[in-house]
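# Examining the three-dimensional arrangement
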Amino acid sequence: MKRFLLSLILLIPIVLSPADDRDCYECDNDPKFLIERIVKNVIITIRSNLERYENNDAEIYKLVKARIVPHIDMRQMSKLILGNNATLFTQEQFVEFSYLFENITIRSYARYILAYKDSYSLNFDDTVMNNNTAVVYMKLKIANDQVIHTEFALYRKNSKWAIINIAIEGINYGLVYRNTYNDIIKNHGVDELLMKLREKLK
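All of the points below concern the structure found in this document. Please read these numbers as outputs of a predicted model, since none were measured by experiment.

## Here we look at the pattern of salt bridges
Side chains bearing opposite charge may pair, as long as their charged atoms lie close to each other. Evaluation of the coordinates by the stated rule reveals four salt bridges. Notably, a salt bridge pairs Arg 198 with Glu 96, separated by 2.6 Å at the nearest N-O pair. Taken together, the residues span a long stretch of sequence, with Arg 198 in helix H9 (residues 190–200) and Glu 96 in helix H7 (residues 91–114) at a distance of 102 residues.

Structural data, given as structure tokens:
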């Protein structure tokens, strides 16, 4: 996670200004501005105090909690991942699953984004919107003019946009998790899934 956030510093060679802290009519109407704002604000924070974040996992996790997690609807994402199997969970099990999945999701996204740490520009295509859902298309340009495509799926929650899935280079991680977790539930049960997720976070 620390390397993921520090690598974001390398992604965008553009000027970051106070205007990016706007309260953001644009963010409410086109979520690509929300995604852009999240990334920029993380970069600004790290650049302003590199010594605080370098070699300090606790501070990096606090930054993630403050700047990124609030824009993910983990409850909705968890329901989408579990599908019909969500009915097999008790309330306590579902709360634990959401907590574990939140941490696993952040770490998993970080690993894949780290693969593109040499990226040197960030751009967006037009957002595709359908009622209260949207897909934001982000492009990372790396060496030799190669472009890495990332898609954020969002939905509008209480008039604000919230992230519910991500796909990188055509790999839909929500679908990957869903297939894997549902196989475990089908063959071994809910308790086995929760045990495996706890072990993964050790």
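## A look at the nonpolar core
Core analysis: the biggest nonpolar cluster contains 48 residues, and Phe 89, Phe 97, Tyr 181 and Leu 193 have the highest contact counts within it. Here the element with the most residues in this core is H7; it accounts for six residues. With residues up to four places along the chain from it excluded, the contact list for Tyr 181 reads Ile 81, Phe 97, Phe 101, Ile 104, Leu 193 and Leu 197.

## Focus: the pairing of strand E3 (residues 133–141)
Burial along E3 is one-sided: the face carrying Ala 134, Val 136, Met 138 and Leu 140 is buried and the face carrying Thr 133, Val 135, Tyr 137, Lys 139 and Lys 141 is not. In terms of strand pairing, strand E1 (residues 121–124) meets E3 through four bridges, oriented antiparallel. Each bridged residue has a counterpart across the sheet, and for Leu 122 the counterpart in E3 is Leu 140. Here strand E2 (residues 128–130) folds back onto E3, and the loop between the two strands holds two residues, one of which, Asn 131, carries a positive phi near 55°. Of the strand pairs in this sheet, E3 and strand E4 (residues 147–157) are connected by nine bridges, and their pairing is antiparallel. By the bridge assignment for E4, Ala 134 is matched with Leu 154. Where E3 folds back on E4, the antiparallel hairpin that results is connected by five residues, among which Asn 144 adopts a positive phi of roughly 60°.

## Considerations on the packing of aromatic side chains
For the structure on display, the rule yields six aromatic pairs. With 5.2 Å between their ring centres and 90° between their planes, Phe 101 and Tyr 177 make a pair best called edge-to-face. With Phe 101 in helix H7 and Tyr 177 in helix H8 (residues 173–188), this residue pair connects regions lying 76 residues apart in the sequence. Residues Phe 101 and Tyr 177 agree in their burial class; the two are buried. Linked through ring pairs, Phe 89, Phe 97, Phe 101, Tyr 177 and Tyr 181 together constitute an aromatic cluster.

## Some remarks on the packing of H8 against H9
Where H8 meets H9, the axes come as close as 7 Å, and the angle between the chain directions of the two elements is 135°. If you check the angle between H8 and H9, you find them oblique. Between H8 and H9, the contacting residues are Tyr 181, Ile 184, Ile 185 and His 188 on the first element and Val 190, Glu 192, Leu 193, Lys 196 and Leu 197 on the second. Tallied by class, residues from the contact of H8 with H9 come to six nonpolar, one polar and two charged.

Rules used in this analysis
Residues numbered from 1 in each chain as written. Predicted model: local features only at pLDDT ≥ 70, side-chain atom pairs only at ≥ 80, totals over all residues. Heavy atoms only, no water. Salt bridge = Lys/Arg side-chain N within 4 Å of Asp/Glu carboxyl O. Helix = DSSP H or I, 4+ residues; strand = E, 2+ residues; numbered from the N terminus. Core = buried A, V, L, I, M, F, W, Y, C linked by side-chain atoms within 4.5 Å. Buried < 20%, exposed > 50% of the residue type's maximum accessible area, 1.4 Å probe, protein only. Contact = heavy atoms within 4.5 Å. Pairing = 2+ DSSP bridges. Phe/Tyr/Trp six-rings, centres within 6.5 Å; stacked < 30°, edge-to-face > 60°. Axes fitted to C-alpha atoms, helices over the stretch in contact; angles between N-to-C directions. Parallel < 35°, antiparallel > 145°, perpendicular 65-115°, else oblique. Nonpolar A, V, L, I, M, F, W, Y, C, P; charged D, E, K, R; others polar.

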